[in-house]
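# Chains, contacts and geometry: an overview
For reference, the chains in residue letters:
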Amino acid sequence: MKIEDRMLFLRYALPCAGTLIRRGNVTQQYVDNLIKSVSNDIEPEGSAEKMFIVANAMCNHFAREMKKRSIDSEVIRRYFLIEHSRVVDERYELMKDFDPVDCKTYLGKVLKVNNGHATLETRLGKRSYRTDFVKDLREGDNAVVHWDFVVEKISEALAKKMKMNRAKQ
Amino acid sequence: MCQAPIGKVIEIEKGRIVVDYKGKRKELESKFLALSKGDYVLFSGNIAIDKVDGEEAKMLGMK
């Protein structure tokens, strides 16, 4: 994975690291350090993305399906923005041992930006999210949220595509 | 997404495999993966997504 793709993958995946901490797979300190690195655009050492076994496997799957040699931003966004909700629902049907609501990514509109946080309106209503990963967020922006983080800003065109796709689900 | 079902491969045919998932047989489509009997495979719906090693299977609560 290229550096910029690793960073994008981590921005999408890190918000759900709480599950890995609860399982004892990684420590809170390790995750906090990763969040700090990614927030400051400093590439983490090692293969931090490998701890997200499922997301990594899913992205590898879509990369193969899209005939790509490795995971890139197109694959990452396809997984987390287009396929993720369906996949979460399928898994919840089978496993029923996790929270399928917070686990999903949501498209939101930025209502207010505060110091380190922003209020966004999503399908879940108005909520406050951490803005560690997105420094230039402004009122009216379209952005993706995952757990309690804003992951990235997205264009109006991608926001429309996401809405249409989710309306079908 | 940190959770996914994992099965142990018990049968392999061209383009499909059968895994043991919680003691039940589950048939999966598998176009891209090179698998052997006994491998652990992560799946979604009816599709085998990726092979996971023993340590990864343990981290995901399979072993």
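Everything below is about the structure printed above this text.
For clarity, every value in this text was computed on a predicted model and none was experimentally measured.

### Points about the overall build of chain B
- Helix and strand counts for chain B come out as 1 helix and 5 strands.
- For chain B, the N- to C-terminal ordering of α and β elements is β-β-β-β-β-α.
- With 63 residues in all, chain B has 46% of them scored as buried.
- Contacts spanning at least 24 positions in sequence make up 31% of the contacts within chain B whose residues lie at least 6 apart.
- Of the accessible surface of chain B, which amounts to about 3400 Å², a share of 47% is contributed by carbon and sulfur atoms.
- The distance from the centre of the 12 positive side-chain charges to the centre of the 10 negative ones in chain B is 4 Å.

### Brief notes about the interface of chain B and chain A
- Contacts between the two partners involve 20 residues from chain B, matched on the other side by 26 residues from chain A.
- Summed over both partners, the interface of chain B with chain A comes to about 2200 Å²; 67% of that surface belongs to carbon and sulfur atoms.
- If you look at where chain B meets chain A, you find 3 residue pairs in polar contact (both at pLDDT 80 or more).
- Going through the elements one at a time, β4 (40-44), β5 (47-52) and α1 (54-59) of chain B are the ones with two or more residues in the side of chain B that touches chain A.
- Per element, the largest residue contribution to the side of chain B that touches chain A is 5 residues, and it comes from β5(B).
- Looking at side-chain class alone, the side of chain B that touches chain A contains 15 nonpolar, 3 polar and 2 charged residues.

### Things to note about the packing of aromatic side chains
- In the structure shown here, the tally under the stated rule is 7 aromatic pairs over all chains.
- Measuring from centroid to centroid gives 5.0 Å for A:Phe133 and A:Phe149, while their planes differ by 20 degrees, and the two rings are stacked. Pair noted here: A:Phe133 is in the loop between β3 (125-130) and β4 (142-146) and A:Phe149 is in strand β5 (residues 149-153), with a separation of 16 residues, a long-range link.
- When its relative accessible area of 10% is taken as the criterion, A:Phe133 is described as buried.
- Residues B:Tyr21 and B:Phe43 carry aromatic rings whose centres are separated by 5.4 Å and whose planes lie at 90 degrees to one another, so their mutual orientation is edge-to-face. Linking B:Tyr21 in strand β2 (residues 16-21) with B:Phe43 in strand β4, this pair joins segments that are 22 residues apart in sequence.

### Thoughts on the pattern of salt bridges
- What the rule picks out here adds up to 21 salt bridges over all chains.
- The partner of A:Glu83 in a salt bridge is A:Arg78, with the nearest N and O atoms 2.9 Å apart.
- Its salt-bridge partner being B:Lys31, residue B:Glu29 comes within 3.6 Å of it at the nearest N-O pair.
- Residue classification places B:Glu29 among the partly exposed positions, given a relative accessible area of 36%.
- What emerges from the salt-bridge pattern is a single network uniting A:Glu65, A:Arg78, A:Glu83, A:Arg86 and A:Glu90.

### Side note on the packing of helix α1 (residues 3-13) of chain A against helix α5 (residues 73-95) of chain A
Residues and elements named next belong to chain A.
- It is at 9 Å that the axes of α1 and α5 come closest, and there the two elements cross at 10 degrees. Comparing the axis directions of α1 and α5 gives the class roughly parallel. Where α1 crosses over α5, the two elements pack in a sense that is left-handed. Residues Asp5, Leu8, Phe9, Tyr12 and Ala13 of α1 lie in contact with α5, whose contacting residues are Ser73, Ile76, Arg77, Phe80 and Leu81.
- In terms of residue class, the contact of α1 with α5 is made up of 7 nonpolar, 1 polar and 2 charged.

### Structural notes on the environment of A:Phe149
Residues and elements named next belong to chain A.
- The exposure class assigned to phenylalanine 149 is buried, which follows from its relative accessible area of 3%.
- A sequence separation of 16 residues divides phenylalanine 149 from phenylalanine 133, and the C-alpha atoms of the two residues are 7.8 Å apart.
- Those residues in contact with phenylalanine 149, other than ones at most four positions away along the chain, are Pro15, Ile35, Tyr129, Arg130, Asp132, Phe133 and Val144.

Here is what the cut-offs are and how they apply
- Residues numbered from 1 in each chain as written.
- Chains lettered and ligands numbered in written order.
- Predicted model: local features only at pLDDT ≥ 70, side-chain atom pairs only at ≥ 80, totals over all residues.
- Heavy atoms only, no water.
- Helix = DSSP H or I, 4+ residues; strand = E, 2+ residues; numbered from the N terminus.
- Buried < 20%, exposed > 50% of the residue type's maximum accessible area, 1.4 Å probe, protein only.
- Contact = heavy atoms within 4.5 Å.
- Areas by Shrake-Rupley, 256 points an atom, 1.4 Å probe, with all protein chains shown as cover.
- Lys, Arg positive; Asp, Glu negative; His and termini not counted.
- Charge placed at Lys NZ, Arg CZ, Asp CG, Glu CD.
- Buried area = accessible area lost by both parts, 1.4 Å probe.
- Polar contact = N/O pair within 3.5 Å; in protein donor to acceptor, adjacent residues only side chain to side chain.
- Nonpolar A, V, L, I, M, F, W, Y, C, P; charged D, E, K, R; others polar.
- Phe/Tyr/Trp six-rings, centres within 6.5 Å; stacked < 30°, edge-to-face > 60°.
- Salt bridge = Lys/Arg side-chain N within 4 Å of Asp/Glu carboxyl O.
- Axes fitted to C-alpha atoms, helices over the stretch in contact; angles between N-to-C directions.
- Parallel < 35°, antiparallel > 145°, perpendicular 65-115°, else oblique.
- Left-handed = near helix turned anticlockwise from the far one by under 90°.

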